[in-house]
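Residue-level listing of the chains:
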Protein chains: 2
Amino acid sequence: MTVVVVGAGLSGLAAARRLVAGGHEVVVLEARDRVGGRTEGGRLTDGTPVELGGQWIGPTQDRMYELVAELGLEWFRTHNDDGLLLVDLRGRQSRMAPHKGAVPRLGPFALADLGQGLLRFSRLAARTDLERPWESPDAEVLDGQTFASWIHRNLRTPSGRAYFRIACEAVFAADASDVSLLHALFYSHSGTDLETLLSVDRGAQQDRIVGGSVRIAETMAAALGDRVRLGQPVRRISNDDSGVRLETRGGEVVTGSHVVVTLPPTLAGRLEYAPALPSWRDQLTQRLPAGSVVKCYAAYDEPFWRATGLNGQAASDRGPVKVTFDNSPPSGRPGVLMGFVEAGDARHFARLSPDDRRRAVLECFARYFGPRALAPVEYLERDWMAEEFTRGCYGAHFTPGVWTSYGHALREPVGRIHWAGAETAAVWNGYMEGAVRSGEAVADRIGAEVAG
Amino acid sequence: MTVVVVGAGLSGLAAARRLVAGGHEVVVLEARDRVGGRTEGGRLTDGTPVELGGQWIGPTQDRMYELVAELGLEWFRTHNDDGLLLVDLRGRQSRMAPHKGAVPRLGPFALADLGQGLLRFSRLAARTDLERPWESPDAEVLDGQTFASWIHRNLRTPSGRAYFRIACEAVFAADASDVSLLHALFYSHSGTDLETLLSVDRGAQQDRIVGGSVRIAETMAAALGDRVRLGQPVRRISNDDSGVRLETRGGEVVTGSHVVVTLPPTLAGRLEYAPALPSWRDQLTQRLPAGSVVKCYAAYDEPFWRATGLNGQAASDRGPVKVTFDNSPPSGRPGVLMGFVEAGDARHFARLSPDDRRRAVLECFARYFGPRALAPVEYLERDWMAEEFTRGCYGAHFTPGVWTSYGHALREPVGRIHWAGAETAAVWNGYMEGAVRSGEAVADRIGAEVAG
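Remember, predicted model here, so these are calculated numbers, not experimental data.

Undergrad: Please give an account of the relation of the copies chain B and chain A that cites residues and values.
TA: Here chain B sits on chain A after a turn of 180° about the axis and a move of 0.0 Å along it, with an RMSD of 0.0 Å. Expressed as an axis order, the relation between the two copies is that of a two-fold axis. Every residue of chain B has its C-alpha some distance from the rotation axis, and the shortest such distance is that of B:R270, at 2.3 Å. Of the interface residues in chain B, 100% have counterparts in chain A that sit at the interface too, so the contact is made through matching surfaces.

Undergrad: Provide a residue-level description of the interface of chain B and chain A, including the pertinent values.
TA: Taken together, the contact between chain B and chain A spans 47 residues of the former and 47 residues of the latter. Of the roughly 3600 Å² buried where chain B meets chain A, counting both sides, 40% is carbon and sulfur surface. If you sort the residues of chain B by the area they bury against chain A, B:Q286, B:R351 and B:R391 come out on top, with a joint share of 18%. Of the charged contacts, one joins A:D282 and B:R391 as a salt bridge, the two residues approaching to 3.1 Å between their closest N and O atoms. Here chain B and chain A share 38 residue pairs in polar contact (both at pLDDT 80 or more) between them. For the side of chain B that touches chain A, the secondary-structure elements that each account for two or more residues are α5 (147-154), β11 (234-240), β15 (272-274), α11 (279-285) and α14 (402-406) of chain B. Broken down by element, the residue count for the side of chain B that touches chain A peaks at four residues, all from α11(B). Of the residues contributing to the side of chain B that touches chain A, the split by class is 13 nonpolar, 18 polar and 16 charged.

Undergrad: Describe the domain arrangement of chain A, with residues and values.
TA: Residue and element names in this part refer to chain A. Taken domain by domain, chain A comprises domain 1 (2-38 + 213-289 + 401-451), domain 2 (41-60 + 74-81 + 204-209 + 292-383) and domain 3 (101-197). Taken over C-alpha atoms, the centre of domain 1 sits 31 Å from the centre of domain 2. Between domain 1 and domain 2, the residue contacts involve nine residues of the former and eleven residues of the latter. The largest share of the area that domain 1 buries against domain 2 comes from S213, W428 and M432, three residues that together contribute 57% of it. Along the contact surface separating domain 1 from domain 2 lie zero salt bridges. Remark: the boundary between domain 1 and domain 2 carries four residue pairs in polar contact (both at pLDDT 80 or more).

Undergrad: If you had to explain the packing of aromatic side chains to someone new, which residues and values would you point to?
TA: This structure, assessed with the given rule, holds 48 aromatic pairs over all chains. Measuring from centroid to centroid gives 5.0 Å for A:F304 and A:W305, while their planes differ by 75°, and the two rings are edge-to-face. For the pair A:F304 and A:W305, one class covers both residues: buried. Seen from their ring centres, B:F121 and B:F147 are 5.4 Å apart, and the 35° between their planes marks the pair as tilted. Of this pair, B:F121 sits in helix α3 (residues 108-126) while B:F147 sits in helix α5, and the two are 26 residues apart along the sequence. For B:F147, a relative accessible area of 3% corresponds to the buried category. Counting every residue linked through ring pairs, the aromatic cluster contains A:F121, A:F147, A:W150, A:Y163 and A:F164. Sitting above the plane of the B:W280 ring, A:R351 keeps its charged end 4.6 Å from the centroid.

Undergrad: I'd like a description of the UniProt feature "domain: Amine oxidase" (unreviewed entry) in chain A, backed by residues and values.
TA: Mapped onto the present numbering, the UniProt feature "domain: Amine oxidase" (unreviewed entry) falls at residues 10-446 of chain A. Overall, residues 10-446 of chain A shows 34% helix and 22% strand. The separation of its end C-alpha atoms is 18 Å.

Undergrad: Any chance you could break down the packing of α5(B) against helix α6 (residues 158-172) of chain B for me, citing the residues and the numbers?
TA: All names here are of chain B. Put simply, α5 and α6 touch, their axes get as near as 10 Å, and they point 160° apart. Considering the angle they form, α5 stands roughly antiparallel to α6. The hand of the α5/α6 crossing is right-handed. Of α6, the residues touching α5 (which contributes F147, W150, I151 and H152) are R161, F164, R165 and C168. For the contact of α5 with α6, the per-class residue count stands at five nonpolar, one polar and two charged.

Reading the values: rules and limits
- Residues numbered from 1 in each chain as written.
- Chains lettered and ligands numbered in written order.
- Predicted model: local features only at pLDDT ≥ 70, side-chain atom pairs only at ≥ 80, totals over all residues.
- Heavy atoms only, no water.
- Least-squares fit on C-alpha atoms with pLDDT ≥ 70 in both.
- Contact = heavy atoms within 4.5 Å.
- Buried area = accessible area lost by both parts, 1.4 Å probe.
- Salt bridge = Lys/Arg side-chain N within 4 Å of Asp/Glu carboxyl O.
- Polar contact = N/O pair within 3.5 Å; in protein donor to acceptor, adjacent residues only side chain to side chain.
- Helix = DSSP H or I, 4+ residues; strand = E, 2+ residues; numbered from the N terminus.
- Nonpolar A, V, L, I, M, F, W, Y, C, P; charged D, E, K, R; others polar.
- Domains from an automatic or database assignment.
- Phe/Tyr/Trp six-rings, centres within 6.5 Å; stacked < 30°, edge-to-face > 60°.
- Buried < 20%, exposed > 50% of the residue type's maximum accessible area, 1.4 Å probe, protein only.
- Lys NZ or Arg CZ within 6 Å of the ring centre and 35° of its normal.
- UniProt positions renumbered as here; feature names shortened; annotations may be inferred.
- Axes fitted to C-alpha atoms, helices over the stretch in contact; angles between N-to-C directions.
- Parallel < 35°, antiparallel > 145°, perpendicular 65-115°, else oblique.
- Left-handed = near helix turned anticlockwise from the far one by under 90°.

Laid out in structure tokens, this is it:
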């Protein structure tokens, strides 16, 4: 019997690939006319590939490095060592070496405050249970408060607090107010630790894929051939003892023995299910909103910031772009600056006119790297909140109380319906690594069920 | 041109009624085979009507009293004065007079603590801006924390904290961990104050409708005649300069000049929209989960608790039923106990077998009112989380950060799509009063737009 996979992102394609390798029939239904989900390839006018979505892999994401090698792809280092990182905090700019775990040059009080805060956070994070976060020590207390409440209580200096707030926005594309403290701790632990999540060198932003991260999905999809059906948004899933039946918006019907739904939780919750999903699963997906981010690009003849001793990375407490990277191709021509507009900034930004958005982004780039940034050859952006088949990035975050009340329903199958996707992963939750691992794990479970 | 209303709950029917009175053509599309939405009529085997959903009105809900009179219906007092209220806190039972604002008999420290906490809460609540909660003083700080964080910081005694936690569960069917402090404050102010929300006498639970609250919706629907179409779940809404076009799951197509969507936010967000909704509206509905509640009934030959000096109301910190009411008909025959299983209790309860659920509820009733409660003539329950076309009651709550980030999108129309429902009301948000007011206000706006 056929296993039906909903979504041709990394999780769905990894599940399909694993199932096919196990001798199963597979159909992948993808809403869009492209594969890749939250990874997406774009091109500048001159043909330079740019990544409109997720782009990085880093150490301990072992499955990604293996997969990339299996697919015959190559990776390269994120531009990092061509200069210093620019820190723009409370109106003052400083430069720092782009090493893992480096903290900004601050006064002695702020530095002590930040150091103590980081230590406390990392100790709490290390105690979270990755498989069952709701069974972590003091789970209810940690889950009963926002990350913002913890920051307010545990950091005393404006700079220390700003550091944590920016870190939260950079990691979750959400304000510290939006996120459960337990989730912030779990998520950091899931990706090793907060330092790793924030770092380029030996961190989550260390490496990129030659040709763009979307090559991973495209290469997997090519091997799956016509098993992958594009332009087929699933609308309804029926499920009984005999199997599953899916209907698409276009009226196609696909049947199978099992279905793997790999959509982000908020979209998975919008499908029609027959019978209706149990209350705990439905109420879970009501409570896992996606983050808010617009990814912005400006291209220049050359990476001019390198000549001034900067590596193109900025971190600021003033938006709309608070975080930037040098996203130039390995050749260094053209020079490509990439900036994220995240969380509250993104919600405001989304309501501006295209001209005002472009201006606001370029003004941030100019504040960090000088007036040459105001005159790019090209400007490009992707608002992930507006994408009908994503509705927010980087991923979903757990709001307070949700892990402890509904965590059990995250991966628990409902009859023949299985759930996968980056949000369901215990390790590297929310990252490409988590997406692939979750897809493969579900494929293995279904394979075992069919064999049993 | 026709105005299409999605949902035949109180909000949708009130909007339709107002539009018809203004000379407009109206079609109401209702998913279920009944009207009333979150009000629903049930019957005991002997024919006694019981309310499976919302049931009360109270002073300052002026529009409800007017409407009930307009519809030729009558109200009666909730059973309250037939005895004392039972308080079961931290394993100790006491009785208190069921007066508005009465607080449980506690030791002097707990009493002082609770008194101070209530005063602080009411002062903060009174400062919230009902029309624009995100513009209240200190809105970001208040919205950046859970109600649980505030309780933990502002109350010192276990009894004081328990009181607030139970109050939160009783008002929101959500744990204090789940709810933004700003929302708890706004919501209390929206319904006058926390005391009013919790009270029977001069409070939100003061009066009931003869024949059951569903008579309100049924009477409105009867007057609307075949404008109300049952069994028509809307699936897709298209909207352009020329009008709106709705498709139902059954393939019916209805067109009009405007549409009023009165579904709870989490369900409104699940429809397909063409063009896709703007990101702020979509991300808002990702962040407004419905509460968790199961309403449970046990019927007895007579209201035996009255003979022991109790009025059938209990408030406890031990579940699964922490709150009960005497829901006997005005005649007092049969005796009907009603209990709510709320928040975390409801999520656990939903996974139990029907037998275990019944047993757990009756054991709570017996703990409060004696062993006669174990042998009802009949037991009945309604799990609102499991209802495909509601997915949780009493209503949606705002999680931290949502009012300040997305509040503006709650009532803002998207093209020709207008939003109504209890969750959109400034006054008596979440109550029948808010539902009716919101429906009528949107009808007036559309009427003015058409006339202009």
